Protein chains: 2
Amino acid sequence: MTNEPNVGTEARRPRQDRGTASPSDSSAPTLRDVGARAGVSTMTASRALRGDASVAPDTRQRVLAAASDLKYRRNELARNLRTGGASGMVGLVVPNLANPFYSELALGVETALAQRGTKVVLSNTGGDARREREVVEDLVARRMDGIIVVPTGGDQSHLDPARLQDTPVVLAALPAHEIAVDCVLLDDFGGASEATASLIADGHRRIAFLGPPAVWTISERLRGFRSALNKAGIQPDERLIRWQQRDVASAARVAEQVLTLPDPPTAFFCANSRNTLGVCRAVQRLGSDAIVCGFDDFELADMLGISLRLVTYRTEVMGERAASLLMDRVDEVRAGAGERKPLRQSTIPTALTRYTPLARRAT
Amino acid sequence: MTNEPNVGTEARRPRQDRGTASPSDSSAPTLRDVGARAGVSTMTASRALRGDASVAPDTRQRVLAAASDLKYRRNELARNLRTGGASGMVGLVVPNLANPFYSELALGVETALAQRGTKVVLSNTGGDARREREVVEDLVARRMDGIIVVPTGGDQSHLDPARLQDTPVVLAALPAHEIAVDCVLLDDFGGASEATASLIADGHRRIAFLGPPAVWTISERLRGFRSALNKAGIQPDERLIRWQQRDVASAARVAEQVLTLPDPPTAFFCANSRNTLGVCRAVQRLGSDAIVCGFDDFELADMLGISLRLVTYRTEVMGERAASLLMDRVDEVRAGAGERKPLRQSTIPTALTRYTPLARRAT
DNA sequence: TTGTATGCGTTATCAT
DNA sequence: ATGATAACGCATACAA
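Residues numbered from 1 in each chain as written. Chains lettered and ligands numbered in written order. Predicted model: local features only at pLDDT ≥ 70, side-chain atom pairs only at ≥ 80, totals over all residues. Heavy atoms only, no water.

A.B. asks: Which parts of the structure should I look at to understand the protein's contact with DNA strand D?
C.D. replies: Surrounding DNA strand D, one finds 26 residues, the nearest of these being A:Y72, A:R79, B:T44, B:R47 and B:T59. Near the protein, within 4 Å, the atoms of DNA strand D are sugar or phosphate in 59% of cases. One of the side-chain N or O atoms of A:Y72 is found 2.4 Å from a phosphate oxygen in DNA strand D. A distance of 2.7 Å is found between a phosphate oxygen of DNA strand D and a backbone nitrogen or oxygen belonging to B:A56. At the level of secondary structure, the elements contributing two or more residues to the surface near DNA strand D comprise α2 (42-50) and α4 (76-82) of chain A together with α2 (42-50) and α4 (76-82) of chain B. Of the residues belonging to the surface near DNA strand D, the class tally is nine nonpolar, nine polar and eight charged. (Near = heavy atom within 4 Å. Polar contact = N/O pair within 3.5 Å; in protein donor to acceptor, adjacent residues only side chain to side chain. Helix = DSSP H or I, 4+ residues; strand = E, 2+ residues; numbered from the N terminus. Nonpolar A, V, L, I, M, F, W, Y, C, P; charged D, E, K, R; others polar.)

Listed below in structure tokens is the structure:
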């Protein structure tokens, strides 16, 4: 060996020989190692492992054996780099995974994407808008094929694909605000209006509305509530419309106030489950026979000892749909610079579910 | 330009010039594009964006401006390939994200890892052991820095790091079986025994045990139950020990059977929340005054209208701990081929929480 | 059928 | 302070 500048492929190879490397070697074996052990070139090893037809059967066998011996696994990250292709990963950004809404959404996304062999990279923002921005930046830097976001905060400009290297983005649960992205929404308006209509159909005329401070989804529910009343020619009593309750305790307090008015409501429509629970508590405490109706299902709804009708929906379906919309865009991008299909907005239907308490002290 | 074989760097460059590329160009800008636009080499661009000190201030400014103009983001995947470094991603494999136990665990993992800038790649197995194997293989191929698994099924051989290119693995909720991995467990034995002891302290002597078919965690709880009885010199009545109930309905049925025995128990210890709920239902239906105690917290435990004492714990802490154990191993591997620390097994403590129903029909 | 040369986007290294 | 070159692990294009 002379000191000439690098000439020839094997000569300049700085990597240690792995064909006979000790098993405790810490770095993973590469195609080159497999090829060396099988006595073929890196390319032949690559082809054999990919199942390329132009590899002699016995060669393939030797390569497969070598790969198996070395416990070789293709480095998909390197592969994706070379094929200029998709990373096979999608980012999912949610405010709080401990909330069943988001975890069920995540499950739906995972289920739909797993069928395509695409992985989900999870990010929890804790409802912090700044963190959401950072996280999305990071996901783009990691070359996600697309990103699904349940947005926090009003400004969505950081979610605009135009600013994100054209990474497709899909919004879930909230509509897009001044950015060109697809989104999946719940039928907040329809669900609320249907539920309210069912109360009206049962003869209720004085119906209270309790909810948390109005973000978009809540105001849609209030709009649905008003719409149903309006359609029935009922003038809502504004004193019965209360939307400052963030937790069960304050909802219960407000419900008790409302129930002790001179002319109390005969039914409640609650815009989220915390308000529903608060109202249930108040109704039980006061022994009221007001009917409780609310948005959002919750576990044990049949064990509260009180009749309940709830606007329910399948959150996983929302996740699946979001994944589907996203992958359509991903495929579109990968197909080339052709025309983009128009923006899509998908609405997940709701249903009205009635829960009846089980019999008590049956004798 | 002659037709000589490739000579020189710029001459062989097949890539289109991006310095003035149209903004609708679909592929992401690279360091070369940034360098070209700033009038410097790729390396200088790289150094400037990394914050390398050996870059002239005004050069840095030009590079930063160019990067900003092009909306450049470093390709972290390519970077990791070159630096031979960690992918900055960890796999998380759980049976069912819709189960709060797993989603809270996931939240804990995400929270702990986010602080290190490590991302979580999620996989849901649906409790399918075959899928678990596939998923883990895939995660290794995608070069996760480590993998956290809540294992399904008895055989864990596919989770052995020795078979996974030495990818560190941590088990959560279940102990390792014949594989060399760290794990995080819940104090099933301690929690159950403490809860049972509290019933005994209250004077209960006939205590029923209801649970689902015994996997490891459930048999630990049964063992804790028996241990507490034993310690108090109480001989358990085997007819009151029932562990075939997978759902609320069957648990309720069995609880009713037990309650209508000639000599019914005065208290129940339930090994999971479905059995707890079933027992609550039975107790309510029959108007029994038996005390209900159970393992696992659940929402609305304070709204069932029945006194409850539950073995509770913080699932996110388990996730955080799993992440911590895993990253210790990851750092260990990256530090070199030195000695490995001995295996660790971490136990998450439980607490006994009492829920009292709210007052009813207060006047 | 198999191998060689080259490049994906980045950085380590050595030159200048 | 900046640039040229090679390499990370893999795959495309072309040669043999």
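A.B. asks: Which parts of the structure should I look at to understand the packing of aromatic side chains?
C.D. replies: In this description, a pair of aromatic rings is defined by centroid distance and the angle of the planes. Residues and elements named next belong to chain A. Enumeration according to the criterion identifies twelve aromatic pairs over all chains in this entry. Both rings, one in F209 and one in F269, keep their centres 6.0 Å apart while their planes meet at 40°; by these two values the pair is tilted. Highlighted residues: F209 in strand β6 (residues 207-210) and F269 in strand β8 (residues 267-270), separated in sequence by 60 residues. You'll find F209 and F269 in the same group, each marked buried. Through a chain of ring-to-ring contacts, three or more aromatic side chains come together here, namely F101, Y102, F295 and Y313. The residue whose ring lies beneath R221 is F295, and the NZ or CZ to ring-centre distance is 3.7 Å. (Phe/Tyr/Trp six-rings, centres within 6.5 Å; stacked < 30°, edge-to-face > 60°. Buried < 20%, exposed > 50% of the residue type's maximum accessible area, 1.4 Å probe, protein only. Lys NZ or Arg CZ within 6 Å of the ring centre and 35° of its normal.)

A.B. asks: So what exactly am I meant to see when it comes to the UniProt feature "domain: HTH lacI-type" (unreviewed entry) in chain A here?
C.D. replies: Cross-referencing UniProt, the feature "domain: HTH lacI-type" (unreviewed entry) maps to residues 29-83 of chain A in the present numbering. Helix makes up 69% of residues 29-83 of chain A and strand 0%, whereas the separation of the span's terminal C-alpha atoms amounts to 20 Å. (UniProt positions renumbered as here; feature names shortened; annotations may be inferred.)

A.B. asks: How do you make sense of the nonpolar core when you look at a structure like this?
C.D. replies: Here is a general trend for soluble globular proteins: nonpolar side chains tend to be buried in one another's company. Ranked by size, the top nonpolar core spans 97 residues in total, and within it A:I148, A:F269 and B:F269 carry the most contacts. Ranked by the residues each element gives to this core, the list is headed by helix α5 (residues 100-114) of chain A, at eight residues. Formed by 52 residues, the second largest nonpolar core is a distinct cluster that contains A:V292, B:L300, B:L310 and B:Y355. (Core = buried A, V, L, I, M, F, W, Y, C linked by side-chain atoms within 4.5 Å.)

A.B. asks: I tried to follow the relation of the copies chain B and chain A on my own but got confused; where do I start?
C.D. replies: Both copies of the chain are placed relative to one another by a rotation about an axis and a shift along it. For the pair chain B and chain A, the superposition axis carries a translation of 0.0 Å, the fit reaches an RMSD of 0.1 Å, and the rotation angle comes to 180°. Between the two chains, the operation in question is that of a two-fold axis. Closest to the rotation axis within chain B is the C-alpha of B:V121, separated from it by 2.3 Å. Here 98% of the contact residues of chain B are again contact residues in chain A; the copies associate through an equivalent surface. (Least-squares fit on C-alpha atoms with pLDDT ≥ 70 in both. Contact = heavy atoms within 4.5 Å.)

A.B. asks: I tried to follow the interface of chain B and chain A on my own but got confused; where do I start?
C.D. replies: Frequently, the measure chosen for interface size is the accessible area that the parts lose on association. At the junction of the two partners, chain B supplies 65 residues and chain A supplies 64 residues. The contact between chain B and chain A buries some 5800 Å² in all, and 56% of this surface belongs to carbon and sulfur atoms. Among the residues of chain B in contact with chain A, B:R73, B:R142 and B:M303 are the three that bury the most area, contributing 13% of the side total. On the surface where chain B and chain A come into contact, there are five salt bridges. The shortest N-O distance in the salt bridge between A:R281 and B:D302 comes to 3.2 Å. The interface formed by chain B and chain A holds 24 residue pairs in polar contact (both at pLDDT 80 or more) in total. (Buried area = accessible area lost by both parts, 1.4 Å probe. Salt bridge = Lys/Arg side-chain N within 4 Å of Asp/Glu carboxyl O.)

A.B. asks: What should I look at first to understand the protein's contact with DNA strand C in this one?
C.D. replies: What surrounds DNA strand C is a group of 28 residues, the closest being A:T44, A:R47, A:T59, A:R82 and B:Y72. Of all DNA strand C atoms lying within 4 Å of any protein atom, the proportion belonging to sugar or phosphate reaches 61%. Residue A:T59 places a side-chain N or O atom 2.5 Å away from a phosphate oxygen belonging to DNA strand C. Side-chain polar atom of B:R82 to a base oxygen of DNA strand C: 2.9 Å apart, as the coordinates give it. Elements supplying a minimum of two residues to the surface near DNA strand C: α2 and α4 of chain A together with α2 and α4 of chain B. Considering every element that reaches the surface near DNA strand C, the biggest residue donor is α2(B), with four residues.

A.B. asks: Is there a simple way to think about the packing of helix α1 (residues 31-38) of chain B against α2(B) in this case?
C.D. replies: Residues and elements named next belong to chain B. For the pair α1 and α2, interaxial distance at closest approach is 8 Å and the crossing angle is 100°. As judged from the angle between their axes, α1 and α2 are roughly perpendicular. The segment α1 lies against α2, with L31, R32, V34 and G35 engaging T42, A45, S46 and L49. (Axes fitted to C-alpha atoms, helices over the stretch in contact; angles between N-to-C directions. Parallel < 35°, antiparallel > 145°, perpendicular 65-115°, else oblique.)

A.B. asks: For this particular structure, what's the right way to read the sheet that holds strand β5 (residues 182-186) of chain A?
C.D. replies: For sheets, the rule is that strands pair by backbone hydrogen bonds, running either parallel or antiparallel. Across the sheet, which stays open at both edges, the twelve strands sit in the order β11(A)-β5(A)-β4(A)-β3(A)-β1(A)-β2(A)-β2(B)-β1(B)-β3(B)-β4(B)-β5(B)-β11(B) with mixed pairing between neighbours. In the strand order of this sheet, the two ends are held by β11 (345-348) of chain A together with β11 (345-348) of chain B, each with one partner. Strand-to-strand twist in this sheet, taken as the mean axis angle between neighbours without regard to direction, amounts to 20°. Two strands pair when backbone bridges link them, and strand β5 (residues 182-186) of chain B and β11(B) are joined in this way by four bridges, in the parallel orientation. Within β11(B), the position partnered with B:C183 by the bridge is B:Q345. Packing of helix α11 (residues 315-335) of chain B onto the sheet brings it into contact with β1 (89-94), β3 (146-149), β4 (169-172), β5 and β11 of chain B, and relative to β5(B) it is tilted by some 170°. (Pairing = 2+ DSSP bridges.)

A.B. asks: What should I look at first to understand the sheet that holds strand β12 (residues 351-355) of chain B in this one?
C.D. replies: Residue and element names in this part refer to chain B. Strand order in this open sheet of six strands is β7-β6-β8-β9-β10-β12, and the pairing throughout is mixed. Of all the strands in the sheet, the pair left with one neighbour each is β7 (241-242) and β12. Inspection of the sheet shows strand β10 (residues 308-312) paired to β12 by five bridges, in the antiparallel sense. Each bridged residue has a counterpart across the sheet, and for L308 the counterpart in β12 is Y355. Strand contacts of helix α9 (residues 248-259): β6 (207-210), β7 and β8 (267-270), with the helix running at about 160° to β6, the strand carrying the most contacts. Lying over the sheet, helix α10 (residues 273-286) contacts β6, β8, β9 (291-295) and β10, oriented at roughly 170° with respect to β9.

A.B. asks: So what exactly am I meant to see when it comes to the confidence of the model for chain A here?
C.D. replies: Residues shown with low pLDDT carry predicted positions that ought not to be read at fine detail. Residue and element names in this part refer to chain A. Per-residue confidence for chain A averages 91 on the pLDDT scale, and 91% of its residues sit at or above 70. Below pLDDT 50 for its whole length, residues 1-13 participates in two contacts with residues either more than four positions away or in separate chains. Below a pLDDT of 50 lies the segment residues 19-24, which in the model reaches three contacts outside its immediate sequence neighbourhood of four places, other chains included. (pLDDT = per-residue confidence, 0-100.)

A.B. asks: Any chance you could explain the side chain of B:T167 here in plain terms?
C.D. replies: Residue and element names in this part refer to chain B. In this fold, T167 is placed in the loop between β3 and β4. Residue T167 is classed as buried on the basis of its relative accessible area, which comes to 8%. A distance of 2.7 Å separates a polar side-chain atom of T167 from the backbone oxygen of L164. Once residues within four sequence positions are removed from consideration, T167 is found in contact with V140, M144, D145, G146, I147 and P161.

A.B. asks: What is the right way to read the side chain of B:N124 from this model?
C.D. replies: On the secondary structure map, B:N124 appears in strand β2 (residues 119-124). Excluding residues within four positions of it along the chain, B:N124 makes contact with A:L107, A:E110, B:V94, B:P95, B:N96, B:L97 and B:R131.

A.B. asks: Any chance you could explain the state of the cysteines here in plain terms?
C.D. replies: Two cysteines whose sulfur atoms are joined by a covalent bond form what is called a disulfide. Residues and elements named next belong to chain B. A complete count under the given rule lists zero disulfides over all chains for this structure. Of the cysteine sulfurs around C270, a residue in no disulfide, the closest is that of C280, at 7.2 Å. We classify C270 as buried; its relative accessible area is 0%. (Disulfide = S-S within 2.5 Å.)

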